[in-house]
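# An overview of the molecular structure
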Amino acid sequence: MKYDVLIVGAGPGGIFSAYELSQLDPSLKICVIEAGKQLNERKCPIDGVNIKNCIGCQPCSIMSGFGGAGAFSDGKYNITNDFGGTLHEYIGKEKALELMNYVDGINLSHGGSGTKLYTSIQSDFKMKCMEQDLHLLDASVRHLGTDINYVVLSNLYDELKDKVEFHFLTPAETVEQIDGGYRVVTKKGDFEGKYCIISAGRSGSKWMEKVCEDMNIPTKSNRVDIGVRVELPAAVFSHITDELYESKIVYRTQKYGDLVRTFCMNPRGSVVNENTNGIVTVNGHSFEDPAKQTDNTNFALLVAKHFTEPFKDSNGYGESIARLSNMLGGGVIIQRFGDLISGKRSTQARIDESFVVPTLKAMPGDLSLVMPKRILDGIIEMIYALDKIAPGTANYDTLLYGVEVKFYNMEVDVDSNLMTSFNNLFVIGDCSGITHSLSHASASGVHVARYIVSQK
Ligand SMILES: Cc1cc2nc3c(=O)[nH]c(=O)nc-3n(C[C@H](O)[C@H](O)[C@H](O)COP(=O)(O)OP(=O)(O)OC[C@H]3O[C@@H](n4cnc5c(N)ncnc54)[C@H](O)[C@@H]3O)c2cc1C
């Protein structure tokens, strides 16, 4: 074998596998095969002037390349078993938290020191939420911010580049079991290694599905989260965000009993486009640097949709709704909450009148023509519930961007070492369906690296 360990994907899962392997055993020959570009070459062409919408670059610089989908994210590392994945179900709660804290330490020692760790554990705000039947989940959140997150990734790359062989712009096509290991086939040649770790993330979900199909690795899939991104004056949420930064609040709707939750809160941040497999959806981020902050806070409100037999394509359902918004609005649609409630389409003139200045240029429209009634009703109910703990949330000018979709990868059948039924073939991070966050994906990488070294 030319390599000891082959890693497919250089997102947090792949990076932390490579990092831990190279720390624990510097003699290991490690190769990372990545479909995207090096960090410093990743550049989305949308500049808001010449290019306003996604032009479908291949590979997409937002989702692919060193740092993975999280490279230009807000860099929120949630240290918790309450959300962000179900890694604890495989490796145990204590172990999962220990690994997330370990990852936090590495981030701090690579440029993240000085960033703030917020915590909702034992917060007075929890009780205030409960009085309104809103439920605040426990978490500690390290907020690196988009800027420091980039610095940490650059430093990690500088440290790894002499210890690990990186092949960028090299999408893996197939994975084959060979005598004593695995072969990863790419257009630039074949790579062979004793151990193979697949960490292809969300952008690699369709490819991962194909690998599982070809190798007969069992999978299951039944969830998608659909919702909107809410943008309002930062002052409305500042009593919450100043203390907790990110608060995950869950609400059960009275009308249908569906769970709606806040997700990815960005105090004084910006709303951004996200492209998944050519479909434009919405997301948000914020900077640690006060000079880059805005007057607004944004967060997503998501409704989880679980499907039962015979329907299996939950991601396809989410994609169809996002496609509808792309069809009507050419991309993301923006609407004032008041316009939505009074059954009016938002127009550019109405958006211009708004007291809340949008941070993303999106097409004014009518979200009720896009979102299924049940989901939209749930979001409206949650906005009124949030208004009781953050008065102003249900103001007429609160902006809603749609749609935000959180796709879940199908869950790959792995054991407590995150190994598939194939010996020494591991599936980690978001492409395993087990993690959905930076901290869980990174922790899964460390977990597998430690297991591999323990086997040598
Ligand atoms: C805009 C945005 C903001 C986010 N903000 C946060 C946040 O603040 N906090 C948080 O916890 N999470 C956040 N997330 C989610 C987080 O980024 C992911 O959970 C995390 O990156 C998953 O890590 P991963 O290594 O599993 O996969 P990814 O980061 O997706 O990395 C997978 C890598 O594999 C590569 N790849 C895919 N297929 C192949 C192939 N066939 N061959 C070779 N390479 C391949 C991809 O190019 C990619 O670089 C955000 C995501 C986005 C898009």
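Residues numbered from 1 in each chain as written. Predicted model: local features only at pLDDT ≥ 70, side-chain atom pairs only at ≥ 80, totals over all residues.

### Here's the deal with the sheet that holds strand β6 (residues 140-143)
- If you walk across this open sheet you meet the three strands as β3-β6-β4, and the pairing is antiparallel. Whereas interior strands pair on both sides, the edge strands pair on one side only; in this sheet they are β3 (76-79) and β4 (116-119). Pairwise comparison of adjacent strand axes, ignoring direction, gives a mean angle of 20° for this sheet.
- The sheet contact formed by β3 and β6 spans four bridges and is antiparallel. Paired with Tyr77 across the strands is Arg142, a residue of β6.
- Here helix α3 (residues 93-112) sits on the sheet in contact with β3 and β6, set at roughly 150° to β3. (Pairing = 2+ DSSP bridges. Helix = DSSP H or I, 4+ residues; strand = E, 2+ residues; numbered from the N terminus. Axes fitted to C-alpha atoms, helices over the stretch in contact; angles between N-to-C directions. Contact = placed C-beta atoms within 7 Å.)

### So, the site of the ligand
- Near the ligand, the surroundings consist of 42 residues, among which Gly11, Gly68, Gly201, Gly204 and Gly429 are the closest.
- Where the shell around the ligand is concerned, the elements lending two or more residues are α1 (12-24), β3 and α12 (438-455).
- Of the residues in the shell around the ligand, the class split is 14 nonpolar, 22 polar and six charged.
- Each of domain 1 (3-118 + 142-220 + 410-455) and domain 2 (223-407) contributes no fewer than three residues to the shell around the ligand. (Near = placed C-beta within 6 Å. Nonpolar A, V, L, I, M, F, W, Y, C, P; charged D, E, K, R; others polar. Domains from an automatic or database assignment.)

### Some remarks on unusual backbone geometry
- Going from Gln58 to Pro59, the amide bond is cis rather than trans, its omega being 0°.
- Gly402 connects to Val403 through a cis peptide bond whose omega is 0°.
- Positionally, Val403 belongs in strand β20 (residues 399-407).
- Despite not being glycine, Cys264 has its phi angle at roughly 50°, a positive value.
- Tracing the sequence through the fold places Cys264 in strand β14 (residues 259-266).
- Phi is positive for Leu418, which is not a glycine, with a value near 65°.
- Structurally, the position occupied by Leu418 is in the loop between β21 (411-412) and β22 (425-427).
- For Leu418, a count of 25 C-beta atoms within 10 Å gives the class buried. (Buried ≥ 20, exposed ≤ 12 C-beta atoms within 10 Å, placed from the backbone.)

### Points about the domain arrangement of the chain
- For the chain, the assigned domains read domain 1 (3-118 + 142-220 + 410-455) and domain 2 (223-407).
- On the domain 2 side, the residues contacting the 22 residues of domain 1 number 21 residues.
- Per element, the largest residue contribution to the side of domain 1 that touches domain 2 is four residues, and it comes from helix α5 (residues 145-160).
- Of the residues in the side of domain 1 that touches domain 2, the class split is nine nonpolar, eight polar and five charged.

### A closer look at the sheet that holds β20
- Spatially, the eight strands line up as an open sheet ordered β5-β13-β14-β17-β12-β20-β18-β19, and their pairing is mixed. The sheet is open, and its two borders are formed by β5 (134-136) and β19 (363-364), each paired with just one other strand.
- Of the strand pairs in this sheet, strand β13 (residues 249-252) and β14 are connected by three bridges, and their pairing is antiparallel. When the bridges of β14 are listed, Val250 appears paired with Arg261.
- Sheet contacts for helix α8 (residues 314-329): β12 (223-233), β17 (296-306), β18 (333-336), β19 and β20; angle to β20, the most-contacted strand, approximately 150°.
- Contacting β5, β12, β13, β14 and β17, helix α11 (residues 373-389) runs over the sheet at an angle of about 135° to β17.

### Brief notes about the pairing of strand β10 (residues 189-198)
- Bridging between strand β1 (residues 3-8) and β10 involves five bridges; their strand directions are parallel. What sits directly across from Val5, in β10, is Tyr195.
- The sheet contact formed by strand β9 (residues 181-186) and β10 spans five bridges and is antiparallel. Across the sheet, Tyr182 pairs through a bridge with Gly193, a residue of β10.
- The hairpin turn running from β9 into β10, its antiparallel successor, is two residues long.
- Summarising the sheet, β10 and β22 pair through three bridges and their orientation is parallel. The partner of Ile197 across the bridge, within β22, is Phe426.

### Regarding α12
- For α12, which comprises 18 residues, the first-to-last C-alpha distance of 26 Å matches the rise-based estimate of 26 Å (1.5 Å per residue) to within 8%.
- In terms of residue burial, α12 counts as a mostly covered element, since 13 of its 18 residues are buried. (Expected span 1.5 Å × (residues − 1).)

### A look at α3
- With 20 residues, α3 extends only 25 Å from end C-alpha to end C-alpha; this falls clearly short of the ideal 28 Å at 1.5 Å per step.
- Buried residues belonging to α3 abut α1, β3, α2 (87-91), β6, α5 and α12.
- Of the residues flanking the end of α3, it is Gly114, one or two places downstream, whose phi is positive at about 100°.

### Regarding the nonpolar core
- Of all hydrophobic cores here, the largest spans 129 residues; its most connected members are Val5, Leu6, Ile30, Ile379 and Tyr401.
- In terms of residues, this core owes the most to one element, α11, which gives eight residues.
- The residues touching Val5, leaving out its near neighbours within four places in the chain, are Leu21, Leu28, Ile30, Gly193, Tyr195, Ile197 and Ile452. (Core = buried A, V, L, I, M, F, W, Y, C linked by C-beta atoms within 7 Å.)

### A closer look at the packing of α3 against α5
- Remark: α3 packs on α5, axes separated minimally by 8 Å, with the N-to-C direction vectors making an angle of 95°. If you check the angle between α3 and α5, you find them roughly perpendicular. In contact with Asn107, His110, Gly111 and Gly112 of α3, α5 contributes Ile148, Val151, Val152, Asn155 and Leu156. (Parallel < 35°, antiparallel > 145°, perpendicular 65-115°, else oblique.)

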